[in-house]
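What the coordinates show
Each chain, written out:
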4 protein chains.
Amino acid sequence: MTIPTPLTGVVPPVCTPLTPAREVDVPSLIRLVDHLVEGGVHGLFVLGSSSEAAYLTDAHRRLVVSTVVSHVGGQLPVLAGAIDMTTPRVLDHVEYAAAAGADAVVVTAPFYTRTHPAEIARHFRVLAARSPLPVFAYDLPMSVHTKLSSELVLELAADGVLAGLKDSSGDLAGFRSVVMGARSHPGITGFSVLTGSELVVDSALALGADGAVPGLANVDPEGYVRLYRLCREGDWGRARAEQERLCALFGMVGVGDPARMGGSSAGLGAFKAGLYLRGIIDCPVTAEPQVALSEGEVERVGKYLAAAGLL
Amino acid sequence: MTIPTPLTGVVPPVCTPLTPAREVDVPSLIRLVDHLVEGGVHGLFVLGSSSEAAYLTDAHRRLVVSTVVSHVGGQLPVLAGAIDMTTPRVLDHVEYAAAAGADAVVVTAPFYTRTHPAEIARHFRVLAARSPLPVFAYDLPMSVHTKLSSELVLELAADGVLAGLKDSSGDLAGFRSVVMGARSHPGITGFSVLTGSELVVDSALALGADGAVPGLANVDPEGYVRLYRLCREGDWGRARAEQERLCALFGMVGVGDPARMGGSSAGLGAFKAGLYLRGIIDCPVTAEPQVALSEGEVERVGKYLAAAGLL
Amino acid sequence: MTIPTPLTGVVPPVCTPLTPAREVDVPSLIRLVDHLVEGGVHGLFVLGSSSEAAYLTDAHRRLVVSTVVSHVGGQLPVLAGAIDMTTPRVLDHVEYAAAAGADAVVVTAPFYTRTHPAEIARHFRVLAARSPLPVFAYDLPMSVHTKLSSELVLELAADGVLAGLKDSSGDLAGFRSVVMGARSHPGITGFSVLTGSELVVDSALALGADGAVPGLANVDPEGYVRLYRLCREGDWGRARAEQERLCALFGMVGVGDPARMGGSSAGLGAFKAGLYLRGIIDCPVTAEPQVALSEGEVERVGKYLAAAGLL
Amino acid sequence: MTIPTPLTGVVPPVCTPLTPAREVDVPSLIRLVDHLVEGGVHGLFVLGSSSEAAYLTDAHRRLVVSTVVSHVGGQLPVLAGAIDMTTPRVLDHVEYAAAAGADAVVVTAPFYTRTHPAEIARHFRVLAARSPLPVFAYDLPMSVHTKLSSELVLELAADGVLAGLKDSSGDLAGFRSVVMGARSHPGITGFSVLTGSELVVDSALALGADGAVPGLANVDPEGYVRLYRLCREGDWGRARAEQERLCALFGMVGVGDPARMGGSSAGLGAFKAGLYLRGIIDCPVTAEPQVALSEGEVERVGKYLAAAGLL
């Protein structure tokens, strides 16, 4: 399929279920995709940070994108992360995503290297020139350690280099300037501005975002779809209540003991524990070297699910 | 060959010459290796940061390690970087490095992810358990955005997880505590403590380092070999003079205009320009999306070479 | 007066006009206060970051707070920043603010020192115990280099240590968790949650903020008061339009050339240029060692004013 | 007295003993100064980071500098920190330091504000123009969050703005470039280059530093004076052994539990516990809001003293 311009709605970053031996659990992945599609989501984003892309080998990544694309069979657009350090390495990931039939790729600025705004621009320009798929920029300063400026994003949008932005920076003011710039710039049409936040989706939609890519939508896709619909209907009071229910549910990412594990282990561990407790995936294990939630911590995830009416 | 325990001396991180089309330039790479070997270096480190490992595809990386290992044919130990975000991805790089015949791998802490000291320890423990090659830790906080503590390095050394440390943190006090700890700990033998600095090699050797991995040794291997020998002989006055000559030469990394390019472009661009001007490699190009030095900047690299007696 | 619990509405951080000799320009300061009061604001915050508190000597600070408090004469609550590195130094500032008759003090976590969450908590607890005035926490990680967690803020609110929060962190999701926590916690009443953002005031109010402390309200108090009223009336469409007008006006902080000056010089320079061009203050000079806007840059500030209908 | 150009030798940053009520303990301060002078140090630095300057009120600071200057009575040069956020506030501290008779002031780049290299240069230029005392730059990126570049330091040295540098950045390579530049630049004479490190004083002196400002010299001034003498005599083997003894002693800063306190509490707490256990000061208390070492932790400080032959 061709990706809508702009892409709108709820586009969950799909978790990658693993077996106890830490291979991709294909049946669980397919059940998870079905759960999301039945939940009413408007697109899927595989191989993003919530998918543990940083922890998946290339073989795992290929298997994930081909499994999901062929399973959804064009019902929904599928975006694929192409997460790597620099242009040449990203292009290798773009190649198999395109071969698998993904509808767009999602790419960060260079990381690990000491980079520069001019090099970030060049990175996206070279990618766009060589990629058979539309390129979305992925702004994730917590991982990448540089922030994409709204000026750069808008310049690249106006030049047809970027098809959209997935903004996980947490900086709603900067996000707003992309939204406003994309609307007012005569040379920009069909550019998708998506928030990666779980917690201020209502705010982002209220100020003009096209959609959201919330990791927590793995656990509660219906909730985010309902939230999206309420926002589109302008029912801000009920939207806020739904968003607050989801904020409370998001508390699950705090059950992992920070003295014992990092933020990825706690956050992805909680999402996977939630999917496991809801019966969607067979095993809540996360990839090496992440630390597993304890039994007690998994139980506490269950309490968050129960409080949100999901068990 | 088996890697010496400890590994001592000058072990340059070998630059990766590229063709104008940005493929690995194998004949230039071989000439560069010959230049280093003839310069008297004690080992080679391929696929590190100075090798533009972050910019090389897996195919490029495989070609580099197999080319260099087969060309040196066991005359010198060859260490190979296995630079990637997490344990599973690093293990894929370890596999081909081992197959190519490298003598050890060099690995950073996880990056891009939100990690934790417990996860960093687990990362190295899992790697050591599965790697057929000895594992050196690579401390490069500028790229990795976490610092390896000396406590963790020494704990992993005592447990036989790590065979050595390449410290490019710039923190000589922390480096010293690894040196002192490795010497005094009864459970640690043969552990290699190597500095990644170009500018304080004499200081590092004076306080007990086993060796150095200076990027600038690509351009002037004889200089670093001479410096190493003077330090080993305790001729600190002449060592300092040699080190200061090399510090002045290192000024070449500042010719690239910081308004126009990042630190990797400027630093690696200068090293490659130096190799090109000295007639060792055919083309000074760096990988995408790095910005090239201008003609005038390359000329200024030439002046640094001339001042150091290298042209 | 006693400060309202909670404090609501628009509470501008009042700029500090200076003479060409960089003394406090008292007549201009009084005109600025009148301009704000006539603009309908609901409180005043002196000696914050937008007031150049970091650049004012203690004598300047004393003069500012006593001038403003005595001029407003209890019509409006006046909050005073007590910006310094640690508890003992902050207490000295609290003392003169209280003596001058301010209604509350606004205090950051310790900075310059290497601190710890337990020490930050202790800092606020000691301050609250010794301060005759209610204490607001000021979350400004860009300056302070630590972020106040919502857990800590809520704990201190529940214990009666903090009377409110001024959140200039840019992290709306964290801000929301304070708003939600303050509302749901049985032990918290009258706690004020204020956003320091200029650009997402509508979003902050929509999710439950009590008010806003926008630096740009110096230049356009009527705009922010109108925005506040529209939000309170639930007229989100017109609120968004007003907010977007203010976002466009805020573009003035980008006229200062980043190759020539830092963010404080550019931002505070633009606000003061705006006040000068609107005829409210006599001189747009900023404190040492800030760099002044050029004539051309000041002209461009004028264009922003004109576009926003303020000239 | 006039400060030597350059200032050489060991110049301890003098701790500030406090009473249980956290007032300056003048008799203990005088005993500490006597202990240092008798230990053979070559100068004193009051109101630096190790002096808890960030925690001292202006009244405390004035008392410290006047007490120490009048007690040493010109036997030794006394440098005084003038630690504050910006130029105008620093100038107030310079004024009383000069009035008390200090021989030089030590000043960081602006902090808390969003600054710029051009503003940092302007800061030092304005200070030098208005200060009756010579100005030393204090490079402490851990506190100030910007690094002074060696280019800027050398430019300001050549223009007579700076009299010296106290480098606590931990970046020995950058330090070396100041040392080399100060020696080779025809316009620079008498400029003092001092390291703030405790752990690589031998390295710094070997590469040409004029002296050292080690916090640990409060506890063991004789050790650092001996180290300095050995380095000046070129007896590098015994110098290294002495430095290693001091490195082991420095381990005391790690006894404070990092789960319970920050780095300042642990480091300054250990130094003060050491001074207390050695009978030099009456009370080991640190300023608010720092967390005190536990009894067990103080005991462990004693073990470090004993191991170093200091009890």
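I will try to describe carefully the structure that is included in this document. (Residues numbered from 1 in each chain as written. Chains lettered and ligands numbered in written order. Predicted model: local features only at pLDDT ≥ 70, side-chain atom pairs only at ≥ 80, totals over all residues. Heavy atoms only, no water.)

Let us look at the packing of helix α6 (residues 150–158) of chain B against helix α7 (residues 172–184) of chain B. All names here are of chain B. Closest axis-to-axis distance for the α6/α7 pair is 9 Å, and the angle between their directions is 30°. Taken together, the axes of α6 and α7 lie roughly parallel to each other. Considering how the two elements wind past one another, α6 and α7 form a crossing that is right-handed. Across the interface between the two elements, Ser150, Val153 and Leu154 of α6 pack against Gly174, Ser177, Val178, Gly181 and Ala182 of α7. (Axes fitted to C-alpha atoms, helices over the stretch in contact; angles between N-to-C directions. Helix = DSSP H or I, 4+ residues; strand = E, 2+ residues; numbered from the N terminus. Parallel < 35°, antiparallel > 145°, perpendicular 65-115°, else oblique. Left-handed = near helix turned anticlockwise from the far one by under 90°. Contact = heavy atoms within 4.5 Å.)

So, on to helix α9 (residues 221–232) of chain D. Residues and elements named next belong to chain D. A rise of 1.5 Å per residue sets the reference length of α9, with its 12 residues, at 16 Å; its end C-alpha atoms lie 17 Å apart and thus fit the reference within 8%. Within α9, burial applies to Pro221, Gly223, Tyr224, Val225, Leu227, Tyr228, Leu230 and Cys231. Of the surrounding elements, those touching the buried residues of α9 are β1 (9–10), α1 (26–38), α8 (201–206) and α10 (236–250). Phi turns positive one or two residues past the end of α9, at Gly234, with a value near 75°. (Expected span 1.5 Å × (residues − 1). Buried < 20%, exposed > 50% of the residue type's maximum accessible area, 1.4 Å probe, protein only.)

Glancing now at the nonpolar core. If you look at the biggest cluster of nonpolar residues, it comprises 482 residues, and the most contacted ones within it are Phe124 of chain A, Phe124 of chain B, Phe124 of chain C together with Phe124 of chain D. Ignoring any residue separated from it by four or fewer positions in sequence, one finds Phe124 of chain B in contact with Val107, Thr108, Ala109, Val135, Ala137, Leu148, Leu156, Val161 and Leu162 of chain B. (Core = buried A, V, L, I, M, F, W, Y, C linked by side-chain atoms within 4.5 Å.)

What follows covers the sheet that holds strand β4 (residues 104–107) of chain A. All names here are of chain A. An order of β1-β8-β7-β6-β5-β4-β3-β2 is seen for the eight strands of this open sheet, with the pairing classed as parallel. The sheet is open, and its two edges are formed by β1 (9–10) and β2 (44–46), each paired on a single side. Both strand β5 (residues 135–139) and strand β6 (residues 164–167) contribute to a ladder of four bridges, which runs parallel. Residue pairing across strands places Ala137 opposite Leu165, the latter belonging to β6. Across the sheet, helix α7 (residues 172–184) lies against β6 and β7 (192–195), angled at about 160° from β7, the strand it touches most. (Pairing = 2+ DSSP bridges.)

Attention shifts here to the sheet that holds strand β8 (residues 211–212) of chain B. Residues and elements named next belong to chain B. One open sheet holds the eight strands; their spatial order is β1-β8-β7-β6-β5-β4-β3-β2, and the pairing between them is parallel. Looking along the sheet, the strands with just one partner apiece sit at the ends: β1 (9–10) and β2 (44–46). The pairing of strand β3 (residues 78–81) with strand β4 (residues 104–107) spans three bridges and is classified as parallel. Of the residues in β4, the one forming a bridge with Leu79 is Ala104.

Once that is clear, we can look at helix α11 (residues 263–277) of chain A. Residues and elements named next belong to chain A. Its 15 residues give α11 an end-to-end C-alpha distance of 21 Å, which sits within 8% of 21 Å, the value for a rise of 1.5 Å per residue. For α11, a buried count of 12 out of 15 residues is recorded, marking the element as mostly surrounded by other parts of the structure. Positive phi shows up at Gly279, right after α11, with a value of about 80°.

Further remarks concern the side chain of Asp210 of chain D. All names here are of chain D. Residue position: Asp210 is located in the loop between α8 and β8 (211–212). Within the buried core, Asp210 has no salt-bridge partner, and the shortest N-O distance to an opposite charge, that of Arg232, equals 5.4 Å. At 2.8 Å, the side chain of Asp210 forms a polar contact with the backbone nitrogen of Val193. (Lys, Arg positive; Asp, Glu negative; His and termini not counted. Salt bridge = Lys/Arg side-chain N within 4 Å of Asp/Glu carboxyl O. Polar contact = N/O pair within 3.5 Å; in protein donor to acceptor, adjacent residues only side chain to side chain.)

Bringing the relation of the copies chain C and chain D into the picture now. Between chain C and chain D, the superposition needs a rotation of 180° and an axial shift of 0.0 Å, giving an RMSD of 0.0 Å. In the structure described here, the two chain copies are related by an operation that fits a two-fold rotation axis. (Least-squares fit on C-alpha atoms with pLDDT ≥ 70 in both.)

Further remarks concern the interface of chain B and chain A. Residue-level contacts link 50 residues of chain B with 50 residues of chain A. Summed over both partners, the interface of chain B with chain A comes to about 4,000 Å²; 55% of that surface belongs to carbon and sulfur atoms. On the chain B side of the interface with chain A, the three residues burying the most area are Arg89, Tyr112 and Arg114 of chain B, jointly 21% of the side's total. Where chain B touches chain A, the interface holds six salt bridges. Taking the shortest distance from any N to any O, the salt bridge between Arg89 of chain A and Asp58 of chain B comes out at 2.8 Å. Counting across the chain B and chain A interface gives 24 residue pairs in polar contact (both at pLDDT 80 or more). Residue assignment for the side of chain B that touches chain A shows that the elements contributing at least two residues are α2 (58–72), α3 (87–100), α4 (117–130), α5 (141–144) and α11 (263–277) of chain B. Sort the elements by how many residues they give to the side of chain B that touches chain A and α4 of chain B lands first, with six residues. Here the residues of the side of chain B that touches chain A sort into 21 nonpolar, 17 polar and 12 charged. (Buried area = accessible area lost by both parts, 1.4 Å probe. Nonpolar A, V, L, I, M, F, W, Y, C, P; charged D, E, K, R; others polar.)

Turning chain B through 180° and shifting it by 0.0 Å along the axis lays it on chain A, with an RMSD of 0.0 Å. When you check the interface residues of chain B against chain A, 100% turn up at the interface there too, and the contact is symmetric in its surfaces.

Glancing now at the pairing of strand β4 (residues 104–107) of chain C. Residue and element names in this part refer to chain C. Taking every second residue as pointing to the same face, both faces of β4 are buried, with Ala104 and Val106 on one and Val105 and Val107 on the other. Note that the unit made of strand β3 (residues 78–81), helix α3 (residues 87–100) and β4 has a crossover that is right-handed. Two elements, β4 and strand β5 (residues 135–139), share three bridges in a ladder whose sense is parallel. Bridging across to β5, Val106 finds its partner in Phe136. Following the backbone out of β4, through helix α4 (residues 117–130) and into the adjacent parallel β5, one traces a crossover that is right-handed. (Right-handed = clockwise from strand over helix to strand, strands pointing away.)

The next thing to look at is the interface of chain C and chain D. Contact residues are listed per partner, giving 50 residues for chain C and 50 residues for chain D. Summed over both sides, the interface between chain C and chain D buries roughly 4,000 Å², with carbon and sulfur atoms accounting for 55% of that surface. On the chain C side of the contact with chain D, Arg89, Tyr112 and Arg114 of chain C bury the most area, a combined 21% of that side's loss. The interface formed by chain C and chain D contains six salt bridges. For Arg89 of chain C, the salt bridge is made with Asp84 of chain D, and the minimal N-O distance between the two is 3.3 Å. On the surface where chain C and chain D come into contact, there are 24 residue pairs in polar contact (both at pLDDT 80 or more). Only α2 (58–72), α3, α4, α5 (141–144) and α11 (263–277) of chain C provide two or more residues apiece to the side of chain C that touches chain D. Looking at which element gives the most residues to the side of chain C that touches chain D, the answer is α4 of chain C, with six residues.

Further remarks concern the side chain of His123 of chain C. With respect to the element layout, His123 of chain C can be found in helix α4. Assessed through its relative accessible area of 0%, His123 of chain C is described here as buried. Discounting chain neighbours no more than four positions away, the residues touching His123 of chain C are Thr86, Thr87, Val90, Val107, Thr108, Ala109 and Pro110 of chain C together with Pro289 of chain D.

Moving on: the state of the cysteines. Under the criterion given, the structure shown has zero disulfides over all chains. Take Cys15 of chain A: it sits in no disulfide, and the sulfur closest to it among the cysteines is that of Cys283 of chain A, at 13 Å. (Disulfide = S-S within 2.5 Å.)

Moving on: the arrangement of the chains. At the level of C-alpha atoms, the two units chain B and chain C stay apart, their nearest approach being 9 Å. Between chain A and chain D there is no contact; the minimum C-alpha to C-alpha separation amounts to 9 Å.

Looking now at the environment of Ala129 of chain B. Position of Ala129 of chain B among the secondary structure elements: in helix α4. Through-space distance from the C-alpha of Ala129 of chain B to that of Val161 of chain B is 7.9 Å; in sequence the pair is 32 residues apart.

The next thing to look at is unusual backbone geometry. The residue after Glu288 of chain C, namely Pro289 of chain C, is reached through a cis peptide bond having omega 0°. Summarising the element assignment, Pro289 of chain C is placed in the loop between α11 and α12 (295–307). Between Thr5 of chain D and the following residue, Pro6 of chain D, the backbone shows a cis peptide bond with an omega angle of 0°. Mapped onto the elements, Pro6 of chain D comes out in the segment before β1. Even without a glycine there, the phi angle at Tyr112 of chain D is positive, about 75°.

Function cannot be inferred from these measures alone, as they are strictly geometric.
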